[in-house]
Each structure stands twice: as C-alpha cells, then as structure tokens.
Amino acid sequence: MRAHCLRIPALLLLVLTLAPVSADTDDAARGAGARTPYYLPHMTWDEVEQYLRTSDIVIIPVGSIEQHGRHLPLNSDIVQGTEICLRIGQKAKVVVAPSVLAGISEHHMGFPGTIALSPATFEAVLYETAQSLVAHGFRRFIIYSGHGGNYTSVSNVVTRINRETAATAVDLLHVEFPEPDTKITSLKSDSHAGVEETSMMLLLAPGLVQMAKAENPEIAHPPDVRAVMEKTSGRDQAALLDSILYLPEKTGKHTSTREITNNGVVTGGDVKTATVELGQLAVDYRVAGVVRLIEAWRKVRP
Ligand SMILES: [Zn+2]
C-alpha cells in the first residue's frame, strides 16, 4: 500500500533533504550489515541507557508483508517505513525501533507470499512493543506506518498508549506534511506498487527492485467503485472510496487486490517512469513533516 503515513488526501499531504542514512540502504530490512546509527536493534543495552539520559523519544515504524506486483518485494512497506524513519531518526537524533513483522493485509491474500495479521493481533504486538519501551523509560512515541491498511490500528494503539501508560504518543494523522512536489501530486490513482512507491524503492532499496518485470496493471473495479470514481470528487470521493476499496475477498465486495488488478499493481500511471529523483521527492516531504513535529515537541518539552 502506498506509504503515506497519513490518511489525508494527497493535496494536503506534503520536504527536505536529509543526510543519507548510510550507503547500504538496500540492506533494507536492516537485518545485517553495518551498524546503523539510532537504529535500536543495532544498539547495545548500554547505548540505549545512555540515549535515555538525553531523550525519551522513540519512533516505531510499521509496514506489511504483502504483494507489491511482480517488480517489488513483499517487504516494500517495511523497507519504506524503516528507511524513512531512519532518515527522520538521524536528522532529529531520535532512536528508531524495529518494525513489527507484518501488518493488516488480508485484502492482498489472493497473491502468494502475503502475511496478514488481524487488527487485534497487530495492535497487541505494537502496544506490547511500546509497553516494553515505556518500561525502559521511553515516554514519547511516534508510530509511522509505511502501509495504509494499518492506519486505524495505529490510531487505536496511540490512544491506548495515551490512556493506559505514563507515555505520550502522537497520531501522525493530525500532522500537516509539506506539500509534495507536483510531480507527485499529479500522479493518477497511484495507490499501490505504482510510480511513487516504485520510485521510493529505487531510492531506498535498489537491489530489491526488478524494473525489468515492472508492468502496468489491467484494473477492473466493481460497478459501485466505478460510480464513486465517476460521480464524486475531492474529500467526499476519498471518504467513500476508503470505505469500499481494498477489502478482504470474504466480504464479497470484490475489492481485494486479486479481484481488481491482474498483477497486484494499482495505478493509473506508468510504473516504468519511476525514478530515484521522484523517490527522493516522495521521501523528503514525509521526513520533513515528522522532523518538524519532533522539533515542535522539543520546544514544549526538551
Ligand atoms: Zn506499499
């Protein structure tokens, strides 16, 4: 799913360039290779202890293991979530937790390899991850989702952290991100494994992208979805589509990805036009929005 961290229409979404995280960004799941600064799994316990003497902020990326067409890997949303958070973490000097393994992706189960958690399981794992970090002294949480299907559950966990622990979590749905470049806002119906996501992966994990296999999809939306697309616009359209698109096959609503796209990609654009440059623009505005939030938070509570 497109890696907007927020469920805000693209027009409201919105950059900055950061120091590169490290040269080996195609070590995309960050499971091996060189130590990455501010990445909690690569830190030792005494380094975390030392960090907690100076800051109580942590970012938790979440993503998914789900089909992303024939040209992008199943972990695309985890790569995007983790790599974007590492750029945020290194710019703002904030620790980044590991991503939860999988996300809410039942609507992609028609394609092999997808691993879907129920919202209840996903929320439990994410909440208990936060609980562990609270126990060590982290008090301020930002949860960044690289997968649209996780948004509601992330909001639920943010609420639980605020209501049930000594810590404070911020819901990125409320953050106004910088306006993306028009090269991004002009992309048509580019919702899954399309031009923007492919561009970000070319930047963040080029070794995982198989551009020779990139192809545009044949899309077949059911009549009710087509009617919304043709007869409504703006936020009304976004609200209506959000309710009826990308639902599990078992609902009989015919909007799981296997039912609407022949290859798993959902875009009205040309996937082959994806570029590293576009990927940089797409990553930059996301990073800038969260860095600005952290700076604002530090103004009121250093
Ligand atoms: Zn995705």
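Basis of the calculations
- Residues numbered from 1 in each chain as written.
- Predicted model: local features only at pLDDT ≥ 70, side-chain atom pairs only at ≥ 80, totals over all residues.
- Helix = DSSP H or I, 4+ residues; strand = E, 2+ residues; numbered from the N terminus.
- Core = buried A, V, L, I, M, F, W, Y, C linked by C-beta atoms within 7 Å.
- Buried ≥ 20, exposed ≤ 12 C-beta atoms within 10 Å, placed from the backbone.
- Contact = placed C-beta atoms within 7 Å.
- pLDDT = per-residue confidence, 0-100.
- Pairing = 2+ DSSP bridges.

Chemist: Got a sec to walk through the overall build of the chain? Specific residues and values, please.
Modeler: Looking only at helices and strands, one finds ten helices and four strands in the chain. Taken from N to C terminus, the helices and strands of the chain fall in the order α-β-α-β-α-β-α-β-α-α-α-α-α-α.

Chemist: Would you mind going over the nonpolar core in detail, with residue names and values included?
Modeler: Counting 67 residues, the largest nonpolar core has Val-58, Ile-59, Val-94, Phe-141 and Ile-143 as its most contacted members. Elements represented by at least two residues in this core include exactly strand S1 (57-62), helix H2 (76-92), strand S2 (95-96), helix H3 (119-136), strand S3 (140-145), helix H4 (151-164), helix H6 (195-204) and helix H10 (276-300). Looking at this core element by element, the count peaks at eight residues for H10. Look past the residues within four positions of Val-94 in its chain and what remains in contact with it is Tyr-38, Ser-55, Ile-57, Val-58, Ile-59, Ile-88, Gly-89 and Ile-294.

Chemist: Lay out unusual backbone geometry with the relevant residues and their values.
Modeler: With the exception of glycine, the majority of residues adopt a negative phi angle, and the majority of peptide bonds are in the trans configuration. In this structure, Ser-189 is a non-glycine residue whose phi angle is positive, near 40°. For Ser-189, a count of 14 C-beta atoms within 10 Å gives the class partly exposed. The residue Tyr-246 is not glycine, and still its phi comes out positive at about 60°. Its place among the elements puts Tyr-246 in the loop between helix H8 (234-244) and helix H9 (257-260).

Chemist: Describe the confidence of the model for the chain, and please don't skip the residues or the numbers.
Modeler: Per-residue pLDDT for the chain averages 89, and the proportion of residues at 70 or more is 89%. No element of the chain has a lower mean pLDDT than H8, at 92, and none a higher one than S2, at 98.

Chemist: Explain the environment of Pro-61 to me, using residue names and the numbers behind them.
Modeler: Within the fold, Pro-61 resides in strand S1. Taking the C-beta count within 10 Å as the criterion, Pro-61 has 27 such neighbours and is therefore assigned buried. Along the backbone, Pro-61 and Ile-143 are 82 residues apart, and their C-alpha atoms lie at a distance of 5.8 Å. The contact partners of Pro-61, leaving out residues within four places of it in the chain, are Gly-81, Thr-82, Cys-85, Val-96, Ser-99, Tyr-144 and Gly-146.

Chemist: Describe the sheet that holds S3, with residues and values.
Modeler: Read across the sheet, four strands follow the order S2-S1-S3-S4 without closing on themselves; strand pairing throughout is parallel. What marks the edges here is a single partner per strand, and that holds for S2 and strand S4 (168-170). Strand direction decides the pairing type here: S3 and S4, joined by three bridges, are parallel. Considered in S4, the bridge of Phe-141 is made with Ala-169.

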